[in-house]
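Summary of structural features
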4 protein chains.
Amino acid sequence: MSVSSKPIAIIAGVGPGTGAAIARKFAATYPVVLLSRNPDTYTPIVDAINQSGGQAMGISTDVSDSKSVKAMVEKVKYEHGNTVKCAAAIFNASGAFVRKPFLELTEEVLDASYAGSVKGSFLFAQATLPLLLWSTTAPPPPTHPPTLIFTGATASVKGSALFAAFATMKFALRALAQSLAREFGPKGVHVAHAVIDGVIDIPRTQSYGLPKEAKIDPEAIADAYWHLHTQPKTSFTWEIDIRPGVERW
Amino acid sequence: MSVSSKPIAIIAGVGPGTGAAIARKFAATYPVVLLSRNPDTYTPIVDAINQSGGQAMGISTDVSDSKSVKAMVEKVKYEHGNTVKCAAAIFNASGAFVRKPFLELTEEVLDASYAGSVKGSFLFAQATLPLLLWSTTAPPPPTHPPTLIFTGATASVKGSALFAAFATMKFALRALAQSLAREFGPKGVHVAHAVIDGVIDIPRTQSYGLPKEAKIDPEAIADAYWHLHTQPKTSFTWEIDIRPGVERW
Amino acid sequence: MSVSSKPIAIIAGVGPGTGAAIARKFAATYPVVLLSRNPDTYTPIVDAINQSGGQAMGISTDVSDSKSVKAMVEKVKYEHGNTVKCAAAIFNASGAFVRKPFLELTEEVLDASYAGSVKGSFLFAQATLPLLLWSTTAPPPPTHPPTLIFTGATASVKGSALFAAFATMKFALRALAQSLAREFGPKGVHVAHAVIDGVIDIPRTQSYGLPKEAKIDPEAIADAYWHLHTQPKTSFTWEIDIRPGVERW
Amino acid sequence: MSVSSKPIAIIAGVGPGTGAAIARKFAATYPVVLLSRNPDTYTPIVDAINQSGGQAMGISTDVSDSKSVKAMVEKVKYEHGNTVKCAAAIFNASGAFVRKPFLELTEEVLDASYAGSVKGSFLFAQATLPLLLWSTTAPPPPTHPPTLIFTGATASVKGSALFAAFATMKFALRALAQSLAREFGPKGVHVAHAVIDGVIDIPRTQSYGLPKEAKIDPEAIADAYWHLHTQPKTSFTWEIDIRPGVERW
């Protein structure tokens, strides 16, 4: 067991794009814990951070499974100590993107979308909020207010045709973020929601044929999240939207 | 089997307040099918409608259970014929109202809220949309465009503190309604969502100590739903809000 | 001077489309007063209403000019008595529709848009609210709560590119309606706003080449406004949107 | 005439609070031009910036007067050269805050609110956008995309009772910002709007009796604006909200 006295950042949903950029950004200041179901997803990012002087660990976690989330917290405490503080928790996981005529959607698809987006964000918030709250009370006071950020999408604010399964859960995630912002803001925890309104420039979207300038830069998302994290408790932003300048909206 | 050539209205979530008022309103024009889990809930309303010259039947249905919803459709077809048309389908069911500190919410409460609000509305929409679409194509043309209405609440558009479980699912329901409006409006089905922003004047809220004028009249909700139903396909309203004139908002 | 003991409806912005339909609808119940700058606009509608058994008068009014609006009120009182009650006041006037690159807009265009939409609605509301409030207090009580309705557009909720002059004023009109709804709802006056989200089927839009079903029916707008007017004071709708079922939004 | 080859920042509405903080923040990187009607307002800020190694000038300007705005641009060009580039333009001016029963508002108050908020922001945007666009085309390319930011308030998104004059114009300002974001984003200019949702911690609000933590820190607003300015053109935020963590909303 290696006890770190530094507060940590926990990031759920770490792929080769946004999650990795967020992880690198926060790893410049905090030890980071990266969560994804498949270790193959976080391992290269963990390795890269550790090799470049940061401190990172990955934990294979299914955020939609409460037992898996509890085990994750145990592992975090084992590694970082029982009195570990959390400086930032970022929910960047996403249920599968589904675009389908409504009458072709199955109950299973809806359940999976619920599990990934809503149940997952709920369990993640329940697991990390005690550690975030602890940061506000245990001395020394935090450099920045502890922060809980949820990544949303266009479908968080617009229920387009054929997006019934996806938009329901993104709307729900936004409601969760808003309710938590109102409950935990007065307690010193900054809860925020980001509407990522466009295609992100990650390996998976290379094939979309979009010009570079039409795709959101994951580093810019990470910078925005870091900015949110640095806001003092007198001046919290609840929601930002991010989109390419050329985007039609 | 009694075959009715008249299109029917199906109303899910029929209690002594809004559901009953909607049922009576639509029963003035259509045979109505009332759904609730417990027959004790719909029986008095069914009886009252039948005794006053209308045509009503109740079907014990758990809208969050796909088998139960399928059995409901079978029963509707048995009673009203395999080629039954649906003029209006109204989802007025509500998951349990939960107001609780976030860290005291259990996974079970979230799941129940999902089942009642989101899964329920999803399965109800999948069961009724084929009957609504059928109304648009099978001659004679409908008097009014077939209509699918979802009942929302303040929490559909505002995630208040302590309402995480309730607001997530109400936001999700609103997303579903919006997505379906965009998909099925061009096909001639009118999908609408109502933000009921206040306390409804029903037996359960008698004890709230509010003056009569501070509580929404269920008959007025029913009138509004009927008005939505009568809108021609050139002029659909997607969303209305309803609140007492004295309400602070 | 012909004194009418019946409450009246006043409609600003009466052209051959929506305004005329609203006038006819409300004239079925109330004497109506129709306002537009040019008498040629209201005369045919006034005549048609009077010939079909209704009671209508037109008053040439520039709603953006306080003197003109005051003179209108004097004329209304001269015709309908000093204690005239207003059952409904509807602001259907619209500043000129402007779609232009921002850097080509002139200050004069902005001023004209302000005058027509914002100043006009402000003066109209200030002129009619005393008559609407009077309806709530002078016996006998009104059949329906006195109602003040503002007609908005897509640009009331979306600031599209090239719509800077138009959208600013439509957003402003919506703010006015919302503020008045909150101030006067508790006093028994129903204030509402309608987002007319599409092309209206009027003579001027014949040339647009749109199929009939893609254009909003003015009669349906009038029906919706009448429905708003009939809502009891326990159950006010603040905002409705109206669009063709086939509209993309 | 002192020609600066560095792009400048222009800030309208510079008082001892937010405007001053924004000015200091941007002065760390750019020569700044501060606008207010009364030189007494900007002089101490200009002096402080110049004394601490920055470069600042003030220009007495009435942003609601097109001649005054044109003269300001002339003066800027005289000082910084005819080919001056603008890196950031920030509209922080505000019409007078008015809270009054609607029927007590005068036409003059509405006109003044229009002039200060809408006409002012319109003229400011028309004056600065050519300089912002110039930054995107004239070599060398800008370090950060040129940015136009508008300061809004709670009343930008909520028309409260008694706020008719104030909210109309704040809604209008938001519409302007949104329309410009859509028009000029594709051209490489970042247009953003900030909903400042709370009391700002400035000398004028000392008497409000609020605890320090319940008031927004002007430095935090400046930091947020700077962050917006640094976003790359693939990743623009259109709107942020800022409020104290303890705020009820």
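Overview of the structure. Just so we're clear, the structure is a prediction, and the values are computed from it rather than from any experiment.

Let us look at the relation of the copies chain D and chain A. With an RMSD of 0.0 Å, the fit of chain D onto chain A corresponds to turning through 180 degrees and sliding 0.0 Å along the axis. As the rotation angle and translation indicate, the two copies are arranged about a two-fold axis. When C-alpha distances to the rotation axis are compared across chain D, the minimum falls at Ile240 of chain D, with a value of 2.5 Å. In this assembly the copies share their binding face: 100% of the residues contributing to the interface of chain D also contribute to that of chain A.

With that settled, the discussion passes to the packing of helix 4 (residues 107-137) of chain C against helix 4 (residues 107-137) of chain D. Across the interface, helix 4 of chain C lies against helix 4 of chain D with an axial gap of 11 Å and an inter-helix angle of 145 degrees. You can see that helix 4 of chain C and helix 4 of chain D cross each other, and the crossing is right-handed. Between helix 4 of chain C and helix 4 of chain D, the contacting residues are Glu107, Leu110, Asp111, Tyr114, Val118, Lys119, Phe122 and Leu123 of chain C on the first element and Glu107, Leu110, Asp111, Tyr114, Val118, Lys119, Phe122 and Leu123 of chain D on the second.

Right, let's get into the interface of chain D and chain A. Each partner contributes residues to the interface: chain D has 31 residues there, and chain A has 31 residues. Of the roughly 2,400 Å² buried between chain D and chain A on both sides combined, carbon and sulfur atoms contribute 54%. The interface formed by chain D and chain A includes zero salt bridges. On inspection of chain D and its partner chain A, the count reaches 14 residue pairs in polar contact (both at pLDDT 80 or more). Residue classes in the side of chain D that touches chain A are distributed as 13 nonpolar, eight polar and 10 charged.

Glancing now at the interface of chain A and chain B. On the chain B side, the residues contacting the 41 residues of chain A number 41 residues. Of the roughly 3,400 Å² buried between chain A and chain B on both sides combined, carbon and sulfur atoms contribute 67%. Run the count over chain A and chain B and you get four salt bridges. Glu107 of chain A serves as the salt-bridge partner of Lys119 of chain B, at 2.8 Å between the closest nitrogen and oxygen. Looking at the side of chain A that touches chain B, the elements with two or more residues in it are helix 4 (107-137) and helix 5 (164-184) of chain A.

For the pair of chain copies, the relating transformation is a rotation about an axis with a translation along it. Of the transformation superimposing chain A on chain B, the axial component is 0.0 Å and the angular component is 180 degrees, with the fit at an RMSD of 0.0 Å. A shared interface surface links the copies, since 100% of the contact residues of chain A are contact residues in chain B too.

Another aspect to go through is unusual backbone geometry. Residue and element names in this part refer to chain A. For the bond from Pro139 to Pro140, the omega torsion is -10 degrees, close enough to zero to count as cis. By secondary structure assignment, the location of Pro140 is in the loop between helix 4 and strand 5 (147-153). For Leu162, which is not a glycine, the phi torsion comes out positive at approximately 75 degrees. Here Leu162 shows up in the loop between strand 5 and helix 5.

The subject of this paragraph is the pattern of salt bridges. Overall, the coordinates contain 37 salt bridges over all chains when judged by the stated rule. One network of salt bridges, in which partners are shared, links Glu107 and Asp111 of chain A together with Lys119 of chain B.

Assignment of secondary structure puts Asp223 of chain A in helix 6 (residues 218-230). Residues Asp223 of chain A and Lys100 of chain A lie 123 residues apart in sequence; the distance between their C-alpha atoms is 33 Å. For Asp223 of chain A, the contacting residues outside a window of four places in its chain are Lys25 of chain A together with His227 of chain D.

Moving on: the packing of helix 3 (residues 66-80) of chain B against helix 4 (residues 107-137) of chain B. Residues and elements named next belong to chain B. Direction vectors running N to C along helix 3 and helix 4 enclose 25 degrees, while the axes themselves pass 9 Å from each other. The pairing of helix 3 with helix 4 is recorded here as roughly parallel in orientation. For the element pair helix 3 and helix 4, the recorded crossing hand is right-handed. Residues Ser66, Val69, Val73 and Lys77 of helix 3 touch helix 4, and the partners they reach there are Leu123, Ala127 and Leu131. Along the lines of polarity and charge, the residues of the contact of helix 3 with helix 4 split into five nonpolar, one polar and one charged.

About the criteria used
- Residues numbered from 1 in each chain as written.
- Chains lettered and ligands numbered in written order.
- Predicted model: local features only at pLDDT ≥ 70, side-chain atom pairs only at ≥ 80, totals over all residues.
- Heavy atoms only, no water.
- Least-squares fit on C-alpha atoms with pLDDT ≥ 70 in both.
- Contact = heavy atoms within 4.5 Å.
- Axes fitted to C-alpha atoms, helices over the stretch in contact; angles between N-to-C directions.
- Helix = DSSP H or I, 4+ residues; strand = E, 2+ residues; numbered from the N terminus.
- Left-handed = near helix turned anticlockwise from the far one by under 90°.
- Buried area = accessible area lost by both parts, 1.4 Å probe.
- Salt bridge = Lys/Arg side-chain N within 4 Å of Asp/Glu carboxyl O.
- Polar contact = N/O pair within 3.5 Å; in protein donor to acceptor, adjacent residues only side chain to side chain.
- Nonpolar A, V, L, I, M, F, W, Y, C, P; charged D, E, K, R; others polar.
- Parallel < 35°, antiparallel > 145°, perpendicular 65-115°, else oblique.

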